[in-house]
Amino acid sequence: MIRTFAALNSKGGVGKTTLLANIGGLLADMGARTLLVDADPQPSLTKYFDLGYEAPQGLVEVVTGGTVTHLSISRTSIANLDLIRSNDGEAQLQHWLHGRDDRRVRLARALNNPYVRDHYDYVLIDTQGAIGPLQTAAAFAADTLISPLPPDTPSIREFRSGTLRVLQRLEHDENEPRAELAPIQAVICRYDYSRNAKSLLSALRSEFGERDRVTILDTMIPNAVAYKDAFTARVPVHTVNDRSGARYPSGYEVMHRIVWELMPDLYGNFAGRLQGNPDEVFGTRPTESGPAARQGVQP
Ligand SMILES: Nc1ncnc2c1ncn2[C@@H]1O[C@H](COP(=O)(O)OP(=O)(O)OP(=O)(O)O)[C@@H](O)[C@H]1O
Ligand SMILES: [Mg+2]
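Conventions we followed
- Residues numbered from 1 in each chain as written.
- Chains lettered and ligands numbered in written order.
- Predicted model: local features only at pLDDT ≥ 70, side-chain atom pairs only at ≥ 80, totals over all residues.
- Heavy atoms only, no water.
- Helix = DSSP H or I, 4+ residues; strand = E, 2+ residues; numbered from the N terminus.
- Rg over C-alpha atoms; globule rule 2.2 N^0.38 Å.
- Buried < 20%, exposed > 50% of the residue type's maximum accessible area, 1.4 Å probe, protein only.
- Phe/Tyr/Trp six-rings, centres within 6.5 Å; stacked < 30°, edge-to-face > 60°.
- Pairing = 2+ DSSP bridges.
- Axes fitted to C-alpha atoms, helices over the stretch in contact; angles between N-to-C directions.
- Contact = heavy atoms within 4.5 Å.
- Core = buried A, V, L, I, M, F, W, Y, C linked by side-chain atoms within 4.5 Å.
- Salt bridge = Lys/Arg side-chain N within 4 Å of Asp/Glu carboxyl O.
- Near = heavy atom within 4 Å.
- Polar contact = N/O pair within 3.5 Å; in protein donor to acceptor, adjacent residues only side chain to side chain.

Peer 1: Before we move on, can you summarise the overall build of the protein chain with the specific residues and values?
Peer 2: Looking only at helices and strands, the protein chain has 12 helices and 11 strands in total. Relative to the 2.2 N^0.38 estimate, which gives 19 Å for 299 residues, the radius of gyration of the protein chain is 19 Å and therefore close to what a compact globule would have. For the C-alpha atoms alone, the extent of the protein chain along its principal axes is close to 55 × 40 × 30 Å. Per-residue burial over the protein chain gives 54% buried out of 299 residues.

This is the structure:
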């Protein structure tokens, strides 16, 4: 069954595009057919990877036409990784959606079509760091919401009082039919292992219990130049950062662990369609004090 994830956070610049591009690149390398959807008028995800083929259409036609066809599917230079590109430079879609009765379900319905179901295993939707009709439509199209969350006070405050509160409001909007949103998987990112970040993190982890809509993944993304370098080189981080250092686990290890937490049925699958026992490959789980040793992947 196809699974759809949307990256959502009311704060800009937290690492949504970086996270989705790296998840998408790794999924594709694992052999999963993956469709990126760039729902940010600033087309960062569209520009992340080189395109092998640029389709004549993009998100505007998908949303306004209410369906996905081959005309809106661009190909990245990575096998198994396709893209519905952002072509809404004037940010008209927010306005267009706002005036429609079906604004919440418009993107969900457009993506829920035989073309997408037949061609993809995973759909990953990137959004702009704010909340409006397009982000709402992306949220209602997803069966899991992913929120990158840097462990610093402004980001955590905004997550609580912005992202979470807005999602709650969306579910209880008196002008709309009652609807439940997907659960949120928060991914701690840009973690610098500082004392301050550690104490904020332990407070966060104790804040959200089993009955909350938020789960915080065990795996954290370090604040490491490898992620910026991969962005600049337009490649997924797992392909260029496969050695764990003394301070940080490698992008290869981190992204595998994140994908396995988000998509547990892929546990034990590695890039290059390799299979192995993660505990043997990576050693014990990375802890907050440092990475685990990496040994090597068994084909
Ligand atoms: N783990 C990381 N370590 C270091 N730098 C990072 C990390 N993740 C992202 N960055 C850098 O932070 C910047 C913002 O990241 P990104 O564009 O992914 O955020 P965003 O949430 O998509 O932003 P926007 O809201 O503008 O769309 C980029 O320069 C990116 O390279
Ligand atoms: Mg972005």
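Peer 1: An account of the packing of aromatic side chains is requested, with residue identities and associated values reported.
Peer 2: The final tally for this structure, using the stated rule, is 10 aromatic pairs. Seen from their ring centres, tryptophan 260 and tyrosine 267 are 5.3 Å apart, and the 65° between their planes marks the pair as edge-to-face. Overall, tyrosine 267 belongs to the partly exposed group, its relative accessible area being 45%. On the basis of an interplanar angle of 55° and a centroid distance of 5.9 Å, the ring pair of phenylalanine 270 and phenylalanine 282 is categorised as tilted. Residue phenylalanine 270 is located in strand E10 (residues 269-270), and its partner phenylalanine 282 is located in helix H12 (residues 278-282); the two are separated by 12 residues in the primary sequence. For the pair shown, phenylalanine 270 and phenylalanine 282 are each scored as buried. Each residue in the set Tyr252, Trp260, Tyr267, Phe270 and Phe282 is aromatic and connected to the rest through ring pairs, giving one cluster.

Peer 1: An account of the sheet that holds strand E3 (residues 51-53) is needed here, citing residue identities and associated values.
Peer 2: Reading across from one edge, E3-E4-E5-E2-E6-E1-E7-E8-E9 is the order of the 9 strands in this open sheet, with mixed pairing throughout. Strands at the two margins of the open sheet, each flanked by one partner only, are E3 and strand E9 (214-216). On average, each strand axis in the sheet is tilted by 30° relative to the strand beside it, whichever way the strands run. With 3 bridges connecting them, strand E1 (residues 3-7) and strand E7 (residues 144-149) associate as parallel partners. When the bridges of E7 are listed, alanine 7 appears paired with isoleucine 146. Against the sheet, helix H8 (residues 153-171) contacts E7, strand E8 (184-188) and E9, and its axis sits at roughly 160° relative to E7.

Peer 1: Summarise the nonpolar core; cite the residues concerned and give the values.
Peer 2: Membership of the largest hydrophobic core comes to 96 residues, with the highest contact counts inside it found for Ile23, Leu107, Ile125 and Ile258. With residues up to four places along the chain from it excluded, the contact list for isoleucine 23 reads Leu124, Ile146, Met255, Ile258, Val259, Leu262 and Met263.

Peer 1: Any chance you could break down the pattern of salt bridges for me, citing the residues and the numbers?
Peer 2: In total, this model carries 10 salt bridges according to the counting rule given. A salt bridge links aspartate 50 to arginine 234, with the shortest nitrogen-to-oxygen separation between them at 3.0 Å. Of this pair, aspartate 50 sits in the loop between helix H2 (44-48) and E3 while arginine 234 sits in the loop between helix H10 (225-233) and helix H11 (251-262), and the two are 184 residues apart along the sequence. With relative accessibility at 33%, the residue arginine 234 sits in the partly exposed group. Close ionic contact of aspartate 102 with arginine 100 constitutes a salt bridge, the shortest N to O distance being 2.9 Å. On the basis of relative accessibility, which here comes to 16%, the residue aspartate 102 falls in the buried class. Taken together, the shared-partner salt bridges connect Arg100, Asp102 and Arg106 into one network.

Peer 1: Explain the site of ligand 1 to me, and be specific about the residues and the numbers.
Peer 2: Around ligand 1 lies a shell of 17 residues, among which Gly13, Lys16, Thr17, Thr18 and Arg190 are the nearest. In this structure, alanine 224 approaches ligand 1 through a main-chain N or O atom, which is 3.1 Å from a nitrogen atom. Only helix H1 (16-29) and H10 provide two or more residues apiece to the shell around ligand 1.

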